[in-house]
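# Understanding the architecture of this molecule
Single-letter residue listing:
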Amino acid sequence: MDSQGQTTSLQRLQNVENRIVKVLELAGGVMDELASPVGPRKDVVQNHCLEFMQLIKDIQVALRDEIKSACEYRPFEKCDYGSRIANEICHKKVEFIISQLDAMKLTIDEYHAAV
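Heads up: these notes are all about the structure in this document. (Residues numbered from 1 in each chain as written. Predicted model: local features only at pLDDT ≥ 70, side-chain atom pairs only at ≥ 80, totals over all residues. Heavy atoms only, no water.)

## Side note on the overall build of the protein chain
For the protein chain, the helix and strand inventory stands at 3 helices and 0 strands. Over its C-alpha atoms the protein chain spans a radius of gyration of 34 Å, topping by over 25% the 13 Å that the globule rule assigns to 115 residues. The C-alpha extent of the protein chain, read off along each of the three principal axes, is 115 × 35 × 15 Å. Relative to its full complement of 115 residues, the protein chain shows a buried share of 10%. Put simply, 63% of the contacts in the protein chain that link residues at least 6 apart link residues at least 24 apart. Accessible surface computed for the protein chain: about 9,900 Å², of which carbon and sulfur atoms make up 61%. Averaging the locations of the 14 positively and 18 negatively charged side chains of the protein chain gives two centres separated by 5 Å. (Helix = DSSP H or I, 4+ residues; strand = E, 2+ residues; numbered from the N terminus. Rg over C-alpha atoms; globule rule 2.2 N^0.38 Å. Buried < 20%, exposed > 50% of the residue type's maximum accessible area, 1.4 Å probe, protein only. Contact = heavy atoms within 4.5 Å. Areas by Shrake-Rupley, 256 points an atom, 1.4 Å probe, with all protein chains shown as cover. Lys, Arg positive; Asp, Glu negative; His and termini not counted. Charge placed at Lys NZ, Arg CZ, Asp CG, Glu CD.)

Have a look at this one:
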């Protein structure tokens, strides 16, 4: 964690990965209990299942939050590229219109000179 007590996205995803490992270990523990020659201990299986379900819920919440924060991330929102390009396009349009008006003025002047 950094000095402000906040974790980075990668750290949060690492925590999710650790929870997934724990979920798999719990599932393996239940399988071991079910395969036990003396039969499964009901309290152990129940505790593993409860912890399994809680971890699955935590994983879903954490991944949902990460997806949401990734969708809200706007790396270029302060970039002025779009407005600069729009301004440049407008400038080129104005230059084109001025050249067309100059050509029209020249045509009109030539017409008046001929008449």
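## Comments concerning a nonpolar patch on the surface
On the surface, Leu10, Leu13, Leu63 and Ile67 cluster together into a nonpolar patch covering about 380 Å² of accessible area. Position of Ile67 relative to the elements: it lies in helix α2 (residues 42-72). (Patch = residues over 30% accessible without salt bridge, like charges linked within 9 Å, V, L, I, M, F, W, Y side chains within 5 Å. Salt bridge = Lys/Arg side-chain N within 4 Å of Asp/Glu carboxyl O.)

## Focus: the side chain of Glu33
As for its position among the elements, Glu33 is in helix α1 (residues 9-35). Among residues more than four places away in sequence, those in contact with Glu33 are Gly39, Pro40, Arg41, Val44 and Val45.

## Here we look at the nonpolar core
Soluble globular proteins tend to bury their nonpolar side chains together. Val16, Val23, Leu26, Leu55, Ile59 and Ala62 form the largest nonpolar core, which has 6 residues in total. Secondary structure elements with two or more residues in this core: α1 and α2. When near neighbours in sequence (up to four residues on either side) are disregarded, Val23 contacts Phe52, Leu55, Ile56 and Ile59. (Core = buried A, V, L, I, M, F, W, Y, C linked by side-chain atoms within 4.5 Å.)

## Observations concerning the side chain of Glu66
Summarising the element assignment, Glu66 is placed in helix α2. Look at Glu66 and you get buried, because its relative accessible area is 10%.

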